[in-house]
Amino acid sequence: MLLRHSPDIKASEITPQRHWLNRRQFLGTGMAAVLPDFTHGAFGADEKPTPKDAVTTYNNFYELGTDKADPAQNARIFPAVKPWTVEVGGECAKGGRFDLDDLIRPHRLEERIYRMRCVEAWSMVIPWVGIPAAEVLKRFEPTSRAKFVEFTSIHDPEHLPEQRRRTLSWPYTEGLRIDEAMHPLTLLATGLYGEELPVQNGAPIRLVVPWKYGFKGAKSIVRIRFVEAMPSNSWNLLQPREYGFYANVNPAVDHPRWSQSRERRIGEFLRRPTLPFNGYADQVAHLYDGMDLRENF
Amino acid sequence: MMRLAKLGKPALFVLCLTPLAWLVFDLVSDNLGANPIEALVRGLGDWALRMLLAVLAITPLRQATGWGWIGRQRRMVGLFAFTYAVLHLFSYIGIDQFFDWRLIAAEIVKRRYILIGMTAFLMLAALAATSTNGSIRRLGGRRWKQLHRLVYLAAGLGVLHHLMMVKADTRLPLIEGAVLAFLLLWRAVPGLNLKARLNLKDRAPQA
């Protein structure tokens, strides 16, 4: 399968789909469900997952505070929305409002161990649990006019005080080109480390696009829209010179205020070189054939 | 008041050392979060700027309280500001970038906020180097005083350095900017400290 073809990436990237996780089994045991056959053997020595403690305490989730320790500390203010509903609309035949359960039930959850490269030049390796976004998106039968997909995060200024300030334009929105959204690497994650997604990591459902900077991964998604025109994304609205729409990890294109050529892997002392497309070039570089990636950063 | 004057200096010394002790303690006890290097570099930078603002607060504080002894602590607090700035810069060079001189040199040239921070650092270095009584004598009181007015500029550049490096949340650097503006206004607008001047009859020369 395509995902396993990763010659210059150390064995680790994508946990093969043999680690299927039966959703019933997963949810049946409730929180802290442990993956039945979670193997560590698949990881290269230098690509071991970032400790869960770091993954769940060092987060950019501005709705819960702008310091990276804030989201974990403020997790309890996150509104307890049950059932979580995702509104799907725009250029598709079968939109509507879906309970998260209904959205996920037809699919099998799987674990994917991805590198996560933040635009701030640090990175992690995270064992996500989720569904390939394409499988879910196809069910809504996007029309030929669906050129992009827009993802919108929760908007609840009453519970999320940060949304009463104009730090970013709320609600947080992100977007992908339809072929990016449908790419087999793109994941709708509902868990990590074999457990339900913690609030601070974007519960209950978030986007994971491992070849792009982390801010592309919209958290706590409440709306998915298929659109014809390129959607706006929150960081781009704030600083168009610094954060583009594509935001592909690219060591050759610096952030105006810092170099993107290297990154600090959380837990490591020395910075390591950043790889084009975060090491997923073999899988995704063709999506950008003929595009000037300096222009479309 | 005599007791305060006597205890003031060592107490202030300990107070200025506390943030550093705190940072080092957090560092060795693995309490700086998932990215301790970033937390250390930023923490040292934060405290360099706070110490700089503290120096500038001394004269207004002396005028408002009449504590003559505190006016004499400007050199010590100033040297602490410089110390934190040195540690901030060294942690960036020696830990964060691990002596990658080529990259560091490129960053200083390419990133305006780093260039501004470096400029402020060099100013503080000049002030620290001329902070001895001997320097005051050699330069002469007036020239020395003119040189040391650079501290206002260095503080302004420090705030700018901080403001330009944050991503979206500008609250902290804006607060620092407001504090600096207040401390400068105190000096510039006679009305603000006139009362203190009239009531308390300054015992030490003005800065």
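These lines cover the structure that appears in this document, whether it is placed above or below. Not measured: the values here are computed from a predicted model.

About the criteria used
- Residues numbered from 1 in each chain as written.
- Chains lettered and ligands numbered in written order.
- Predicted model: local features only at pLDDT ≥ 70, side-chain atom pairs only at ≥ 80, totals over all residues.
- Heavy atoms only, no water.
- Helix = DSSP H or I, 4+ residues; strand = E, 2+ residues; numbered from the N terminus.
- Rg over C-alpha atoms; globule rule 2.2 N^0.38 Å.
- Buried < 20%, exposed > 50% of the residue type's maximum accessible area, 1.4 Å probe, protein only.
- Contact = heavy atoms within 4.5 Å.
- Areas by Shrake-Rupley, 256 points an atom, 1.4 Å probe, with all protein chains shown as cover.
- Lys, Arg positive; Asp, Glu negative; His and termini not counted.
- Charge placed at Lys NZ, Arg CZ, Asp CG, Glu CD.
- Salt bridge = Lys/Arg side-chain N within 4 Å of Asp/Glu carboxyl O.

Section: the overall build of chain B
Each helix and strand in chain B was counted, giving eleven helices and zero strands. The secondary structure elements of chain B, listed N-terminal to C-terminal, are α-α-α-α-α-α-α-α-α-α-α. Scaling as 2.2 N^0.38, a compact globule of 207 residues should have a C-alpha radius of gyration of about 17 Å, and chain B matches this with 18 Å. When the 207 residues of chain B are sorted by exposure, 43% land in the buried category. Look at the contacts in chain B between residues 6 or more apart in sequence, and 68% of them connect residues 24 or more apart. Carbon and sulfur atoms form 70% of the exposed surface of chain B, whose accessible area is close to 11600 Å². In chain B, 26 positive and 10 negative side-chain charges are present, and the distance between their average locations comes to 20 Å.

Some details on the pattern of salt bridges
Residue and element names in this part refer to chain A. Scanning the model with the defined rule gives 31 salt bridges over all chains in all. A salt bridge links R97 to E87, with the nearest nitrogen and oxygen atoms 3.9 Å apart. Here the residue R97 occupies a position in strand β3 (residues 96-99), and E87 occupies one in strand β2 (residues 85-90), the gap between them amounting to ten residues. The exposure class assigned to R97 is exposed, which follows from its relative accessible area of 61%. Under the relative-accessibility criterion, E87 is labelled partly exposed at 33%. The closest approach of N and O atoms between D101 and R105, which form a salt bridge, is 3.9 Å.

Concerning unusual backbone geometry
In this structure, the amide linkage connecting A:W170 to the following residue, A:P171, adopts the cis form with an omega of -5 degrees. Relative to the helices and strands, A:P171 is located in the loop between β6 (148-153) and β7 (173-177). Here the bond from A:A203 into A:P204 is cis, since omega is -5 degrees, no more than 30 degrees from zero. Position of A:P204 among the secondary structure elements: in the loop between β9 (195-196) and β10 (206-208). Here A:N278, not a glycine, exhibits a phi torsion of approximately 55 degrees, which is positive. As for its position among the elements, A:N278 is in the loop between β13 (272-273) and α8 (281-284). With a phi close to 55 degrees, B:D30 is a non-glycine residue in the positive phi region. Topologically, B:D30 is positioned in the loop between α1 (2-28) and α2 (36-65).

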